[in-house]
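# Summary of structural features
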Amino acid sequence: MSDKLLPLSHCLIGNRPVDAPVAYHAGRYYSSGQFADAVKSWAGKLQAQPFLNYALYTEDAYPFAVLLFALLHAGKQIWMPGNNRPGTAEQLEKDCQLLGDWHIGEPFDYCLDVADSPTQSLSPLNPFDSQLVIFTSGSTGQAKPKTNCLHQFQLEIDTLEKNWGEQLGDAAALATVSHQHIYGLLFRVLWPLSAGRCFHSQTYINPEALVSAVQQGPVYWIASPAHLKRLDQASPWDGIAGLKAVFSSGGALPGNAAERILNESGQAVIEVYGSSETGGIAWRRQDEAWTLFYGMALSHIDGNWLLHSPYLQAEQGFQLDDQITLHDDGRFMLHGRSDRIVKVEEKRLSLAELEQRLMAEPWIEDAHALVINKSRDVVAAVVALSQQGLEQLAIHGRNRLIRQLRRTLERWFEPVVLPRKWLFVNTMPLTSQGKIERQLLKSLLDFDSRKFPQTLNFDMTHEGVRLELKVPEDVLYFPDHFADYPILPGVVQLAWVEHFGKLFFVIDKAFSQMEVVKFTQVIQPGDQLTLTLDWNPATGKLYFNFSSERGAHSSGRMVYEGK
């Protein structure tokens, strides 16, 4: 272990100065002494409770660190889910007590400021106790629990510090990714605590907010490929250039994005390859090949790649789901996940390759492919257009652009596996872990045309979302309203507003009433509509507006109150 590191098992009882800053939270710094007092206070409360298992979720990283170490010192088992959605809470409540930000709209009292310093002392933690259960995303989307101990994290921290500790110095950690995922947990909470670096509690969704939030002194950025790919000419390159380092994990950063960042800011992004199951495996910086971390080894047995890691207990090696080419010098190349190989009409298709072929086109900035499982499996493509692509869309229209993209893909893929469903977006929707929000995309693409409109494209902004919709001819509400002159009933329009509102926003309150609703122009079969939605969680109001080239159709707001 580096001399500068304090073991996680001792980070509350080490010899760091009590006034050393641990975290920047809610506009102020919290010191090592304040951190210890808060942990002691919470540990005493938790020890008095008879429960063993706790599901911990917080929006901010410093309260998470306080509650995490309080639970560890109280001898509790900690379950760390990736989100706090109602379904997740309902599932976890069967086995756990919920702790933290589980009730959206109801602030949780973290008790971070302790008036009187607790008198009880804390003993060193046993680093081999398996107390932390992390949920992996898995290739199927079904989260799977994996139990970890502090010793595993400490080994990984030792490696990270040896690689980049000198480069970071005393820089503070600022992150775009959530601490509820293993990458964020390790890089923005545990590593800084062990190394004595300050970390920012807030998650910074965009680089502008991150750069402007720098209070004083050096900082480094913990990001994901999905966030870094969005950097463009308008990004704060001078601020990014001043960062001590930029880390990226959660997927491979495209070469053109890494090159853009290097050219504009001089930052060579440090990419880390790993998973929730394995921890960190390898790294690279402005290179196509990956370098294994110290102590790692790869072997190829019976067509499978096995990882041999000091972080894992698997003596025979851990089977990886990635396609790999190993070089003579020990470095290796990644060629996409093997579990993204699908069969469509008995034809094999690499979804990763399909995405790469699409992104090779100058019209496309980003792409994500998925399979919609129906009686006949259908490939769908979600595409974020470049400026050139947006110009093509405006000139030639959606259908012609899709035909051109399909002709390009025909050079590489058989017709049966080409995308049959397309969705154009201004940016890929992301989860709190910086992963693509696949469930949202699937819900938009796999719709019932008898009940809902087709989503052609959508634009997400800080204010809300704007969707381009096409009203199907066979919507089941038309024949009854009316046979000779079919129009879409107002109540159906409101149902569509709620449907899309709950897809894009966290609306966990009950519907109460409508306000200032106006129906100004009828909607008929085949109409192409723009639906603008804006959700205000503070007031519980969902603002909507249906419009088209003919003008406004309807508008108003839906009010949600209570539970």
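Refer to the structure printed above.
Quick summary incoming for the structure in this document. (Residues numbered from 1 in each chain as written. Predicted model: local features only at pLDDT ≥ 70, side-chain atom pairs only at ≥ 80, totals over all residues. Heavy atoms only, no water.)

Once that is clear, we can look at the overall build of the protein chain. A tally of regular secondary structure across the protein chain gives 14 helices and 30 strands. A compact globule built from 563 residues should have a C-alpha radius of gyration of about 24 Å, and the protein chain, at 25 Å, falls within 12% of that. Taken over the C-alpha atoms alone, the protein chain extends approximately 80 × 60 × 45 Å along its principal axes. Burial status across the protein chain gives 50% buried among its 563 residues. Excluding contacts between residues fewer than 6 apart, the proportion of contacts in the protein chain whose partners are at least 24 apart in sequence is 63%. Total accessible area on the protein chain is roughly 26,200 Å²; 48% of this is exposed by carbon and sulfur atoms. (Helix = DSSP H or I, 4+ residues; strand = E, 2+ residues; numbered from the N terminus. Rg over C-alpha atoms; globule rule 2.2 N^0.38 Å. Buried < 20%, exposed > 50% of the residue type's maximum accessible area, 1.4 Å probe, protein only. Contact = heavy atoms within 4.5 Å. Areas by Shrake-Rupley, 256 points an atom, 1.4 Å probe, with all protein chains shown as cover.)

As a further point, take the packing of helix α4 (residues 150-168) against helix α5 (residues 182-195). Axis separation between α4 and α5 bottoms out at 10 Å; the angle between their running directions is 70°. It follows from the interaxial angle that α4 and α5 lie roughly perpendicular. Contacts from Phe 153, Gln 154, Glu 156, Ile 157, Leu 160, Glu 161, Trp 164 and Leu 168 in α4 reach Ile 182, Leu 185, Leu 186, Phe 187, Leu 190, Trp 191, Ser 194 and Ala 195 in α5. Counted by class, the contact of α4 with α5 contains 12 nonpolar, two polar and two charged residues. (Axes fitted to C-alpha atoms, helices over the stretch in contact; angles between N-to-C directions. Parallel < 35°, antiparallel > 145°, perpendicular 65-115°, else oblique. Nonpolar A, V, L, I, M, F, W, Y, C, P; charged D, E, K, R; others polar.)

Looking now at empty space enclosed by the protein. Applying the stated criterion across every chain, the model contains four cavities of 30 Å³ or more. Considering only enclosed or pocket space, the largest cavity measures out at about 70 Å³ in volume. In this structure, the largest cavity is lined by Lys 146, Asn 148, Gln 152, Phe 153, Glu 156, Ile 182, Ser 276, Glu 277, Thr 278, Gly 279, Tyr 311 and Leu 312. Broken down by class, the residue content of the lining of the largest cavity amounts to four nonpolar, five polar and three charged. Space inside the second largest cavity adds up to approximately 40 Å³. If you go around the second largest cavity, the residues you meet are Leu 68, Leu 72, Leu 132, Asn 148, Cys 149, Leu 150, Phe 153 and Leu 190. Residues belonging to the lining of the second largest cavity are distributed by class as follows: seven nonpolar, one polar and no charged. (1 Å grid on protein atoms, 1.4 Å probe; cavity = no way out; pocket = protein on both sides within 12 Å on 5 of 7 lines; lining within 4 Å. Points joined across faces, edges and corners; volume = space filled by probe spheres on them.)

We now examine the nonpolar core. By size, the foremost hydrophobic cluster in this structure holds 80 residues, and its most contacted members are Phe 35, Leu 68, Phe 69 and Phe 247. With 11 residues, helix α2 (residues 61-73) is the largest single contributor of residues to this core. Sequence-distant contacts of Phe 69, defined by excluding residues within four places in its chain, comprise Leu 8, Cys 11, Leu 12, Phe 35, Val 39, Leu 125, Leu 190 and Leu 193. Formed by 39 residues, the second largest nonpolar core is a distinct cluster that contains Val 497, Phe 505, Ile 523 and Leu 533. (Core = buried A, V, L, I, M, F, W, Y, C linked by side-chain atoms within 4.5 Å.)

The subject of this paragraph is the sheet that holds strand β2 (residues 28-31). With respect to topology, nine strands assemble into an open sheet ordered β2-β1-β9-β8-β10-β11-β12-β13-β14, the strand pairing being mixed. Every interior strand has two partners, whereas the edge strands, β2 and β14 (291-292), have only one. By the bridge criterion, two bridges tie strand β13 (residues 279-285) to β14 in an arrangement that is antiparallel. Within the sheet, the bridge partner assigned to Trp 283 lies in β14 and is Thr 291. Sheet strands touched by helix α1 (residues 32-47): β1 (21-25) and β2. Its angle to β2, the strand with the most contacts, is close to 70°. α5 rests against β1, β8 (172-175), β9 (199-203), β10 (219-223), β11 (246-249) and β12 (270-275) of the sheet, and its axis sits at about 150° to β9. (Pairing = 2+ DSSP bridges.)

Now for the packing of aromatic side chains. Using the criterion set out here, one finds 22 aromatic pairs in the structure. Centroid distance Phe 458 to Phe 504: 5.2 Å. Interplanar angle 75°. Geometry classified as edge-to-face. With Phe 458 in strand β25 (residues 454-460) and Phe 504 in helix α14 (residues 490-504), this residue pair connects regions lying 46 residues apart in the sequence. Comparing Phe 458 with Phe 504 shows no difference in burial state: the two are buried. Here the aromatic rings of Phe 544 and Phe 546 are separated by 6.5 Å at their centres, their planes lie at 65°, and the arrangement is edge-to-face. For the pair shown, Phe 544 and Phe 546 are each scored as buried. Linked through ring pairs, Trp 164, Tyr 183, Phe 187, Trp 191, Tyr 220, Phe 247, Trp 283 and Phe 293 together constitute an aromatic cluster. If you follow Arg 28 out to its NZ or CZ, it ends over the ring of Tyr 30, 4.1 Å from the centre. Across the ring face of Trp 412, the terminal group of Arg 357 is positioned such that the distance to the ring centre comes to 3.5 Å. (Phe/Tyr/Trp six-rings, centres within 6.5 Å; stacked < 30°, edge-to-face > 60°. Lys NZ or Arg CZ within 6 Å of the ring centre and 35° of its normal.)

By the bridge criterion, five bridges tie strand β15 (residues 297-301) to strand β16 (residues 304-308) in an arrangement that is antiparallel. When the bridges of β16 are listed, Leu 298 appears paired with Leu 307. Pairing between β16 and strand β17 (residues 318-319): two bridges, direction antiparallel. The partner of Leu 307 across the bridge, within β17, is Phe 318.

Okay, the layout of surface pockets next. Here the second largest pocket defines a volume of roughly 210 Å³. A class-by-class count of the residues in the lining of the second largest pocket yields seven nonpolar, four polar and two charged.

Let us look at the environment of Gly 169. You can see Gly 169 is positioned in the loop between α4 and β8. Residue classification places Gly 169 among the partly exposed positions, given a relative accessible area of 38%. Between the C-alpha atom of Gly 169 and that of Tyr 220, which follows or precedes it by 51 residues, the distance is 10 Å.

With that settled, consider the pattern of salt bridges. Considering all chains together, one arrives at 15 salt bridges under this definition. For the salt bridge of Arg 197 with Glu 161, the shortest nitrogen-to-oxygen distance reads 3.0 Å. Remark: Glu 161 occurs in helix α4 and Arg 197 occurs in the loop between α5 and β9; sequence separation between them is 36 residues. Given the relative accessible area of 4%, Arg 197 is considered buried. Since its relative accessible area comes to 7%, Glu 161 is described here as buried. Among the ionic pairs, Glu 365 bridges to Arg 260, the shortest N-O distance being 3.4 Å. On the criterion of sequence distance, the pair formed by Glu 365 in strand β22 (residues 364-372) and Arg 260 in helix α9 (residues 255-265) is long-range, its members being 105 residues apart. (Salt bridge = Lys/Arg side-chain N within 4 Å of Asp/Glu carboxyl O.)

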